[in-house]
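Per-entry structural report
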Amino acid sequence: MSTQTFTLPDVGEGLTEAEIVTWRVAPGDAVAVNDVICEIETAKSLVELPSPHAGTVGELLVPEGRTIDVGTPIITFVTGAAEPAAPAAAPPAPAAEEGSGSVLVGYGSGAEATSRRRRPAERPVRSTVGVIAKPPIRKLARDLGVDLTQVAPTGADGEVTRDDVMRHAEQASVFRNIQTPEWGDVREETVPAPQSAPVGLARGISPARAGADESRTESIPVKGVRKATSSAMVQSAYSAPHVTVWKEVDATRTMELVKRLKASPDFADIKVSPLLIVARAVIWAVRRTPMVNAAWIDTADGAEIAVRHYVNLGIAAATPRGLLVPNIKDAQEMGMKDLARALNRLTTTAREGRSTPADQQGGTITITNIGVFGMDAGTPIINPGEAGIVAMGTISQKPWVVDGEVRPRWVTTVAGSFDHRVVDGDGMSRFIADVAAVLEEPALLVD
């Protein structure tokens with residue numbers, strides 16, 4: 001018998017710490033290779049950690065709720081003396097080369113990492129039944145009731161990808177009984193806390209009464225997604241000069257189009273909402289004003305503007321874990337139906353708190369749908385690395401002048417914040433006017 005100590009691995013996101021959210025095992029439990037032992041939360045995602053050993057759980061070294069650094073011992077295993085170094089592991093991968101340090105899958109590297117260099121993509125774990133899939137993909141399959149052995153893999157080396165699982169679920173009509181919850185059921189709370197203010201004043205308490213009122217306040221540690229969000233928002237607000245413009249628009253024809261799409265057999269198993277038309281409008285408007293899809297980049301040789309000739313469309317999502325902004329890659333290549341499916345996948349995974357770091361990286365422009373909270377308009381903060389963000393207000397019936405007569409129409413407000421270093425006033429105004437024009441007449445999308 002021997003005792004193996006397992007340290008918190010680098011989950012492939014380039015991060016240095018994570019929180020132990022939930023232990024799935026207890027001392028004395030028998031585990032096999034790849035059994036999930038715990039869930040950890042990083043600044044970008046919730047990740048399930050698989051066991052690298054077969055044996056018995058010895059000791060849980062870190063309590064739930066504690067944030068620790070990568071490389072910290074978290075659990076011990078009692079294993080057989082003849083256990084191989086890496087039983088039933090994935091095929092050899094570049095990530096396991098000497099000096100790579102401990103990573104999420106494989107765990108085979110024994111040399112201590114000497115730098116935080118970028119690593120190759122994470123290698124999947126092969127299960128006992130021969131299916132190759134990463135832990136988040138296995139969790140998605142379980143949640144959707146999909147048998148991975150029945151899924152046709154399209155990834156490298158026969159790996160089952162997220163798209164494979166979603167495609168199989170759609171073919172099996174799994175989504176017929178899955179309803180995406182209204183965003184109104186999800187709360188997000190932002191508590192301002194100026195760093196320069198004394199502790200008592202940061203909580204809204206006078207210095208004289210800070211001690212006496214301590215029991216009436218609650219201290220919420222800033223960590224995980226909230227910590228990452230606060231850092232990103234401060235960086236954006238104090239580095240990019242924001243300018244916001246907005247326009248009120250008659251969206252009656254958009255609402256009529258949404259109604260027709262919902263009734264169409266082609267969209268029978270796809271959730272359709274005005275957000276779909278807004279997304280298509282933003283993509284269409286970006287083509288006419290590409291600078292809103294650019295980014296300001298500071299280099300050693302001076303600043304430059306990177307103009308992206310593709311659209312990775314970010315959708316700001318309020319989730320139980322906080323604000324996430326996953327994005328749809330190459331959204332400009334998608335038709336209406338494909339974009340609708342992509343929006344459904346994005347909202348489903350975000351709702352479950354399972355958006356991966358890859359889902360949230362590389363965005364070029366973002367939409368935030370504050371209308372689901374009943375807001376008419378707002379001045380959103382730009383996502384770092386982008387130059388524009390569109391805020392969609394609530395769509396409600398209002399009196400509107402049509403052909404000289406006052407009629408009830410579906411009216412909304414489209415707003416946008418832009419980095420004035422990148423986009424001039426005429427560009428941002430033209431862009432928002434184009435988005436509004438599509439909402440007023442969706443036929444503009446037919447070209």
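Per chain, residue numbering runs from 1 following the sequence as it is written. The model is predicted, so local features are restricted to residues of pLDDT at least 70 and side-chain atom pairs to those at 80 or more, both for listing and for counting; the totals for chains, interfaces and linings are taken over all residues. The basis for the side-chain values is all heavy atoms of the structure; hydrogens and waters are excluded.

**As for the pairing of strand S20 (residues 405–419)**
For a regular strand, side-chain orientation follows a simple rule: the groups alternate between the two sheet faces. Condition: Strands qualify as paired when DSSP identifies two bridges or more between them. What counts as a helix is a DSSP run of H or I of at least four residues, what counts as a strand is a run of E of at least two, and both are numbered from the N terminus.
Of the pairings in the sheet, the one linking strand S11 (residues 242–250) to S20 comprises 9 bridges and is antiparallel in character. Bridge pairing links histidine 242 to aspartate 419 in S20. Taken together, the 5 bridges between strand S18 (residues 388–392) and S20 define a ladder with antiparallel strand orientation. The partner of alanine 391 across the bridge, within S20, is alanine 415. Examined bridge by bridge, strand S19 (residues 396–402) and S20 share 7 bridges and lie antiparallel to one another. Bridge pairing links valine 401 to valine 406 in S20. From the end of S19 to the start of S20, which pair antiparallel, there are 2 residues, and aspartate 403 there has a positive phi angle of about 55 degrees.

**Digging into helix H4 (residues 224–237)**
Spacing of three or four residues puts side chains on the same side of an α-helix, whose turn is 3.6 residues. The test is simple: What a helix is expected to span follows from its residue count: subtract one and scale by 1.5 Å. Relative accessible area decides the class of each residue, using a 1.4 Å probe on protein chains only: under 20% of the type maximum gives buried, over 50% gives exposed, and in between gives partly exposed. Starting at the helix axis, one direction is taken to each C-beta atom, and the arc is that of these directions.
Helix length check: H4, at 14 residues, gives a terminal C-alpha distance of 20 Å against a target of 20 Å (1.5 Å per residue), a fit within 8%. When we look at burial in H4, the residues that qualify are Gly224, Val225, Thr229, Ala232 and Ser236. For H4, the arc enclosing every buried residue in end-on projection is 120 degrees, short of the 170-degree limit, so these residues lie on one face.

**Remarks on the side chain of threonine 252**
Here is the rule: We call two residues in contact when some of their heavy atoms are within 4.5 Å.
In this structure, threonine 252 sits in helix H5 (residues 252–263). Excluding residues within four positions of it along the chain, threonine 252 makes contact with Arg409 and Trp410.

**Focus on helix H6 (residues 274–288)**
An ideal rise of 1.5 Å per residue puts 21 Å on 15 residues; H6 measures up with 22 Å between its terminal C-alpha atoms. Most of H6 is tucked away, with 12 of its 15 residues classed as buried. Among all positions in H6, only Leu275, Leu276, Ile277, Val278, Ala279, Arg280, Ala281, Val282, Ile283, Trp284, Ala285 and Val286 are buried. Packed against the buried residues of H6 are H5, strand S14 (313–319), helix H7 (336–351), strand S17 (365–369), S18 and helix H9 (425–440).

**Quick look at the pattern of salt bridges**
Where side chains of opposite charge bring their charged atoms close, a pairing between them can arise. For clarity, the threshold we go by: Basic side-chain nitrogens of Lys or Arg form a salt bridge, by our definition, when they fall within 4 Å of a carboxyl oxygen of Asp or Glu.
Counted by the stated rule, this structure contains 8 salt bridges. Arginine 409 is the partner of aspartate 250 in a salt bridge, and the nearest nitrogen-oxygen pair spans 2.8 Å. You can see aspartate 250 sitting in strand S11 and its partner arginine 409 sitting in strand S20, a full 159 residues away along the chain. Arginine 253 is the partner of glutamate 441 in a salt bridge, and the nearest nitrogen-oxygen pair spans 2.2 Å. Residue glutamate 441 is located in the segment after H9, and its partner arginine 253 is located in helix H5; the two are separated by 188 residues in the primary sequence. Take glutamate 441: its relative accessible area is 27%, and that puts it in the partly exposed class. Owing to a relative accessible area of 43%, arginine 253 belongs among the partly exposed residues under this scheme. Within this structure, Arg24, Glu39 and Glu48 form a network of salt bridges that share partners.

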